[in-house]
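Examination of the molecular architecture
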Amino acid sequence: MLSVLDSQRYVLGPEADALETEIAAFCGVKYGVAVCNGSDALLVSLMALGIGPGDEVIVPTFTFFATAGSVARVGAKPVFADIRPDTFNVDPDAVAAAITSKTRAIIPVHLYGQCADMDRITALAQRHGLAVIEDGAQAIGAKRNDRGVGSYGTAATLSFYPTKNLSGVGEGGMVLTNDGDLAARVKSLRNHGQTGQYEHAWIGGNFRLDGIQAAALRVKLRRLPAWNDARRRHADRYDQAFRGSPVTPPPVEASCHHVYHQYTIRSPRRDALRAHLTAAEISSGVYYPLPLHLQPCFAYLGYRKGQLAVAERACEEVSSLPIFPEMTQAQQDHVIETIRAFS
Ligand SMILES: Cc1ncc(COP(=O)(O)O)c(C=O)c1O
């Protein structure tokens, strides 16, 4: 970070170039393009694929807002699909049912750090000639059948927001792809679509990453495998402790290597459980309390309550427990004992 200050290359520069190469290699893809956050990584991917008004993009309804917000921001229509009740990830049958002649892309989200059912989703996309943008904001390092998230889609996006498994000292994100032309288009779009000096082939935006963020991320990337392993160990301990308890631990598919951005349990008495945790000075989060198809800003799409029932129920039952690499055994025991005492 000090060398970035010395160089005065504050925006992109050699640290960002190196970060792109290192993260692409880590994720098993050819190209990485560093951008300013995970939300704009989605936006610029959609722009680079030429998706806009008149197009439909299928997204899960149970995800962070940016997954669908980015679709609306390019003028396309988000089409919401329900999730699977076990993994919380988008249900490929629901995706298949949502495909129309206007569908251009699918954005599966690897929610909480577990890879979505990419075998079925990529097969569907191939059959219908659709692009796939993996929203990997929560899942850097996760795998399915030993294949890393980010390597399945036409493009994939990452977020380096400070709470993420690989986090910067501020905002950051990346677009990943194996397609050289697409990578070049994203690079141009992140810099106002510039193709030569002050020559603009496309209308882009300022989606550039700061050099200081890149420098910090490069140092932290070296530690990411150990940090993800620590999260997995903590999750394993929670799993064992919650067998036969009043809460349901998060199921993991046999082929999946989960990286536990969140450790999310289910309880039909979620709000009482959270109050009980708060009384013991344990923080918990609800990701997410309202599905996207019922958000006020998407009322124009005409969805009704009850239409995507699996996600709606998850919104009422999920809560995420503390999990972070440095968590001590004593801290975790306090969470476990408090949950066990919940009746
Ligand atoms: C699933 C998902 N997509 C996109 C984003 C957006 O990333 P950022 O906050 O870096 O814009 C996030 C961040 O929380 C996320 O969780």
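Anyway, here's the lowdown on the structure attached to this text. Values in this document were obtained by computation on a predicted structure and should not be read as measured data.

So, about the overall build of the protein chain. For the protein chain, the count of helices and strands is eleven helices and 14 strands. Relative to the compact-globule value of 20 Å for 343 residues, the protein chain shows a C-alpha radius of gyration of 20 Å, a close match. In terms of its C-alpha atoms, the protein chain occupies a principal-axis envelope of roughly 65 × 50 × 35 Å. Residues classed as buried in the protein chain amount to 57% of the 343 residues present. For the protein chain, contacts bridging at least 24 residues in sequence account for 69% of all contacts bridging at least 6. Here the protein chain displays about 14,600 Å² of accessible surface, and carbon together with sulfur accounts for 50% of that area.

As a structural note, the neighbourhood of the ligand is formed by 15 residues, with Gly38, Ser39, Asp135, Ser159 and Lys164 the closest of them. The separation between an oxygen atom of the ligand and a polar side-chain atom of Gln138 is 2.9 Å. Where the shell around the ligand is concerned, the elements lending two or more residues are helix 3 (38-48) and helix 4 (66-73).

Moving on to the sheet that holds strand 5 (residues 131-135). Sheet strands associate in pairs through backbone hydrogen bonding, adopting either a parallel or an antiparallel arrangement. Taken in spatial order, the seven strands make up an open sheet running 1-9-8-5-4-2-3, and their pairing is mixed. The open sheet has two edge strands, strand 1 (31-35) and strand 3 (77-81), and neither has a second partner. In this sheet, neighbouring strand axes are inclined to one another by 25 degrees on average, regardless of whether the strands run parallel or antiparallel. Here strand 5 runs beside strand 8 (residues 155-159); their pairing, made up of three bridges, is parallel. Residue pairing in the sheet places Ile133 in a bridge with Ala155 of strand 8. Those strands touched by helix 6 (residues 118-128) are strand 4 (103-106) and strand 5, and its axis lies near 155 degrees from that of strand 5.

What counts, and where the lines are drawn
Residues numbered from 1 in each chain as written. Predicted model: local features only at pLDDT ≥ 70, side-chain atom pairs only at ≥ 80, totals over all residues. Heavy atoms only, no water. Helix = DSSP H or I, 4+ residues; strand = E, 2+ residues; numbered from the N terminus. Rg over C-alpha atoms; globule rule 2.2 N^0.38 Å. Buried < 20%, exposed > 50% of the residue type's maximum accessible area, 1.4 Å probe, protein only. Contact = heavy atoms within 4.5 Å. Areas by Shrake-Rupley, 256 points an atom, 1.4 Å probe, with all protein chains shown as cover. Near = heavy atom within 4 Å. Polar contact = N/O pair within 3.5 Å; in protein donor to acceptor, adjacent residues only side chain to side chain. Pairing = 2+ DSSP bridges. Axes fitted to C-alpha atoms, helices over the stretch in contact; angles between N-to-C directions.

By themselves, these figures tell us nothing about what the structure is for.
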